[in-house]
Amino acid sequence: MTLTAPAYAKINLSLRIHHRRADGFHALSTRMAALTLADTLTMRLEGAPGHVSLTCSDPSIPVDAGNLVVQAVTRLAAATGPLPGLAIHLEKRIPHGAGLGGGSSDAAVALRLALQLSERSLSEPEMRALAAQLGSDVPFFLHGGIADCHGRGEEVQPCAGLVLGGPILLIKLPFGVPTPWAYSQWQSARELPGIDYQPQRLEEMELVNDLERPVFQKHLVLALLKQTLRAQSGVRAALMSGSGSTVFAVLTEDADLASLTQTIHETVGSEVWIQPTRLAG
Ligand code: C5P
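What counts as what
- Here, residues in each chain are numbered from 1, in the same order as that chain's written sequence.
- Whole-chain, interface and lining totals are the exception, using all residues; otherwise, since this is a predicted model, local features are given only for residues with pLDDT of at least 70 and side-chain atom pairs are given and counted only at 80 or more.
- The side-chain values count all of the structure's non-hydrogen atoms but skip hydrogen atoms and water molecules.
- The numbering of helices and of strands both runs from the N terminus, where a helix is a DSSP run of H or I of at least 4 residues and a strand a run of E of at least 2.
- With C-alpha atoms as the basis for the radius of gyration, the globule rule is written as 2.2 Å multiplied by the number of residues raised to the power 0.38.
- Relative accessibility thresholds used throughout: buried, under 20% of the residue-type maximum; exposed, over 50%; partly exposed, between the two (1.4 Å probe, protein chains only).
- When checking whether two residues touch, look at their non-hydrogen atoms; a contact exists if any pair is within 4.5 Å.
- Note on areas: these come from Shrake-Rupley sampling with a 1.4 Å probe, and a residue is covered only by the protein chains present in the view.
- In summary, the charge assignment counts Lys and Arg as positive and Asp and Glu as negative, without counting His or the chain termini.
- Note on charges: their place is set at NZ of Lys, CZ of Arg, CG of Asp or CD of Glu.
- In this analysis, the expected span of each helix is defined as 1.5 Å times one less than the number of residues it contains.
- Picture the helix axis, draw a direction to every C-beta atom, and the arc is the one those directions span.
- Each polar contact in these results corresponds to two N or O atoms within 3.5 Å; when the atoms are within protein, one needs to be able to donate a hydrogen and the other to accept it, and residues that are neighboring in sequence are counted only if both atoms are side-chain atoms.

Visitor: Can you explain the overall build of the protein? Please cite residues and give values.
Guide: Counting secondary structure elements, the protein contains eight helices and 12 strands. Taken over the C-alpha trace, the protein has a radius of gyration of 19 Å; the compact-globule value for 281 residues is 19 Å, and the two agree within 12%. For the protein, the proportion of its 281 residues judged to be buried stands at 52%. For the protein, long-range pairs separated by at least 24 residues make up 74% of all intrachain contacts whose partners lie at least 6 apart in sequence. About 12,300 Å² of surface is accessible on the protein, with carbon and sulfur atoms providing 52% of the total. Side-chain charges in the protein split into 22 positive and 26 negative, and the spacing between the mean points of these groups amounts to 4 Å.

Visitor: Got a sec to walk through helix H8 (residues 257-268)? Specific residues and values, please.
Guide: Taking 1.5 Å as the rise per residue, H8 with 12 residues should run 16 Å; its terminal C-alpha atoms sit 16 Å apart, in good agreement. Buried within H8 we find Leu 260, Thr 263, Ile 264 and Val 268. Buried residues along H8 cover an arc of 105 degrees about the axis, so they all sit on one side. Exposed and facing more than 90 degrees away from the buried side of H8 are Ala 258 and Glu 266. For H8, the secondary structure elements touched by its buried residues are strand S7 (168-172), helix H7 (220-230), strand S10 (235-240), strand S11 (247-251) and strand S12 (273-277). Between the side-chain oxygen at the start of H8 and the backbone nitrogen of Ala 258 there is a gap of 3.2 Å, and the oxygen is on Asp 256.

In structure tokens:
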């Protein structure tokens, strides 16, 4: 039997950091939203019991024990007992080091598919605990949709009834931002003069990201990109997602994508990944 499932990307519609905790993580409140942009995970029973093999369409991504997908299956086996042999393929569309949660989403889907294929069962709290061990964002991807997350991000409260229509444009420059670095700079970082970090009101929401401060201080081009996007017609709001480097723009339905793309190229150069998407229903 072969199972295939999408692993959706996310953006952070808001990310507020409260303080650095004794364990080194940061206490935060973040509103995450799943996007239609997704990797695809395929998993089938293959090989000797306990054996896991992973292949990936992106050769720059490690497929050894360092990959969160392999870690997900390994931790599941530790919790439920040895699993049958599993062959996993990952078709990547979500860039990494992007603040879009690609690796975390892949891990959440790997947990779900491995559980299904091996005919094991775990309670919801056990599943959530396992996901949280893999990463702060992983529990969110067990839910998807829009959710408010607290703690270090692993306490997930789905936002029933909250919707945000319209296209979303993702823009990623050809560098990533290491998440631990962004958090480690949060306390000491300063705002750049002339850059607006204030919350942007959008329907019932306030879009704001406290990690813009450290990341923009190092990567001025991202601050410039956000400011430029916000000044364009058809752009309702623009913000960095997570620890970057993706900046997203929430667009009106009639926004002119060709003209926005041209403006982005004029602002940051041609070596940039631009992806239209929407919130996943
Ligand atoms: O949980 P995750 O493995 O995704 O976190 C990666 C790193 O990001 C952590 O090791 C930590 O340095 C930082 N982080 C943090 N506070 C959070 C989430 C992540 O300091 N709430």
